[in-house]
Amino acid sequence: DTAVSQTPKYLVTQMGNDKSIKCEQNLGHDTMYWYKQDSKKFLKIMFSYNNKELIINETVPNRFSPKSPDKAHLNLHINSLELGDSAVYFCASSPGTQGNTIYFGEGSWLTVV
Amino acid sequence: ELKVEQNPLFLSMQEGKNYTIYCNYSTTSDRLYWYRQDPGKSLESLFVLLSNGAVKQEGRLMASLDTKARLSTLHITAAVHDLSATYFCAVGNQFYFGTGTSLTVIP
């Protein structure tokens with residue numbers, strides 16, 4: 001069983017389109033995250049939710065909108081995709097917000113053409 | 001924003017050699033994590049360091065934390081090819097990641 005699963009794994013889309021990446025965890029964790037990893041492998045936190053509530057919202061364009069329908073799901077919707085959005089997006093989860101290790105999904109490779 | 005820097009960014013070393021990767025961070029934190037990422041793969045947790053002076057070892061890797069110096073080290077002993085990967089440190093309750101160290105072990 002995959003603990004943190006993301007779909008789709010690969011996504012190629014044109015500029016200007018709107019797309020979503022879904023994430024689900026079956027670990028019973030309270031906190032979920034979205035990270036972006038660029039071509040230089042820099043890994044930057046985008047959002048963090050704890051029990052469906054937003055607790056971290058780093059400086060990302062408001063074209064990115066997370067949505068957590070329940071604490072097991074954290075989806076990422078991206079409007080008006082730009083070339084610079086091409087990256088690997090990782091979903092992750094942790095038992096809480098106080099320093100437990102986090103578990104990553106397999107990543108979603110987004111290419112905007 | 002918490003800044004986390006790793007040194008070096010790229011490391012090429014021969015099998016059997018020892019080396020240390022450094023992780024410096026900008027604000028106080030008593031929690032630090034090390035992760036490994038293989039090419040095209042996800043991140044795998046290696047160590048969780050939760051207090052000043054914490055030291056953990058697994059195989060050829062040993063991690064330590066000095067919260068006063070805001071420094072963690074990942075020491076590699078007698079490197080083998082299987083250790084080739086990118087290593088990340090992450091700091092704080094919100095998991096701010098370092099710049100990563102891409103390690104290549106050469107036969």
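These numbers were taken from a predicted model, which means no experiment stands behind them.

Asker: Help me out: how do you make sense of the interface of chain A and chain B in this one?
Answerer: In many reports, interface size means the accessible area that the parts give up when they come together. With 22 residues of chain A at the contact, the number on the chain B side is 21 residues. Between chain A and chain B we count zero salt bridges in total. Where chain A packs against chain B, one counts seven residue pairs in polar contact (both at pLDDT 80 or more). Those elements that provide at least two residues to the side of chain A that touches chain B are strand 4 (31-37), strand 5 (43-50) and strand 6 (53-57) of chain A. Per-class residue counts for the side of chain A that touches chain B are 11 nonpolar, seven polar and four charged.

Asker: Would you explain the pairing of strand 8 (residues 71-76) of chain B in this entry?
Answerer: Across a regular strand the side chains alternate sides, sitting on one face of the sheet and then on the other. Residue and element names in this part refer to chain B. In this sheet, strand 8 lies alongside strand 3 (residues 19-25) in antiparallel orientation, the contact comprising six bridges. Along strand 8, the bridge assignment pairs tyrosine 22 with threonine 73. Examined bridge by bridge, strand 7 (residues 61-66) and strand 8 share six bridges and lie antiparallel to one another. Following the sheet pairing, aspartate 66 is matched in strand 8 by leucine 71.

Asker: How do you make sense of the state of the cysteines when you look at a structure like this?
Answerer: Should the sulfur atoms of two cysteines be covalently bonded, the bond is a disulfide. Tallied over the full model, the rule gives two disulfides over all chains. The disulfide partner of cysteine 23 of chain A is cysteine 91 of chain A, and the S-S distance across this bridge is 1.9 Å. Disulfide cysteine 23 of chain A to cysteine 91 of chain A: torsion about the S-S bond roughly -80°, handedness left-handed. You can see cysteine 23 of chain A sitting in strand 3 (residues 19-25) and its partner cysteine 91 of chain A sitting in strand 9 (residues 87-94), a full 68 residues away along the chain. Comparing cysteine 23 of chain A with cysteine 91 of chain A, the two get one shared label, buried. Across the disulfide from cysteine 23 of chain B sits cysteine 89 of chain B; the S-S distance is 2.0 Å. Its S-S torsion of approximately 80° makes the covalent link between cysteine 23 of chain B and cysteine 89 of chain B right-handed.

Asker: Whenever I open this one, the pattern of salt bridges confuses me. Can you help?
Answerer: Side chains bearing opposite charge may pair, as long as their charged atoms lie close to each other. This structure, assessed with the given rule, holds four salt bridges over all chains. Here arginine 63 of chain A makes a salt bridge to glutamate 82 of chain A, at a shortest N to O gap of 3.5 Å. Of this pair, arginine 63 of chain A sits in the loop between strand 6 and strand 7 (64-70) while glutamate 82 of chain A is found in the loop between strand 8 (73-78) and strand 9, placing the two residues 19 residues apart along the sequence. Assessed through its relative accessible area of 13%, arginine 63 of chain A is described here as buried. Close ionic contact of arginine 36 of chain B with aspartate 38 of chain B constitutes a salt bridge, the shortest N to O distance being 2.8 Å. Residue classification places arginine 36 of chain B among the buried positions, given a relative accessible area of 14%.

Asker: How do you make sense of the pairing of strand 2 (residues 10-14) of chain B when you look at a structure like this?
Answerer: All names here are of chain B. In strand 2, alternate side chains face the same way, and those of Leu11 and Met13 are buried while those of Phe10, Ser12 and Gln14 on the opposite face are not. When strand 2 meets strand 11 (residues 101-106), the two strands line up parallel, connected through five bridges. If you follow glutamine 14 over to strand 11, its bridge partner there is isoleucine 106.

Asker: Got a minute to help me understand the environment of tryptophan 34 of chain A in this structure?
Answerer: Residues and elements named next belong to chain A. The residue tryptophan 34 is located in strand 4 in this model. You can call tryptophan 34 buried: its relative accessible area is 0%. Distance from tryptophan 34 to glycine 16, taken between C-alpha atoms, is 22 Å for residues 18 residues apart in sequence.

Rules used in this analysis
- Residues numbered from 1 in each chain as written.
- Chains lettered and ligands numbered in written order.
- Predicted model: local features only at pLDDT ≥ 70, side-chain atom pairs only at ≥ 80, totals over all residues.
- Heavy atoms only, no water.
- Contact = heavy atoms within 4.5 Å.
- Salt bridge = Lys/Arg side-chain N within 4 Å of Asp/Glu carboxyl O.
- Polar contact = N/O pair within 3.5 Å; in protein donor to acceptor, adjacent residues only side chain to side chain.
- Helix = DSSP H or I, 4+ residues; strand = E, 2+ residues; numbered from the N terminus.
- Nonpolar A, V, L, I, M, F, W, Y, C, P; charged D, E, K, R; others polar.
- Pairing = 2+ DSSP bridges.
- Disulfide = S-S within 2.5 Å.
- Buried < 20%, exposed > 50% of the residue type's maximum accessible area, 1.4 Å probe, protein only.

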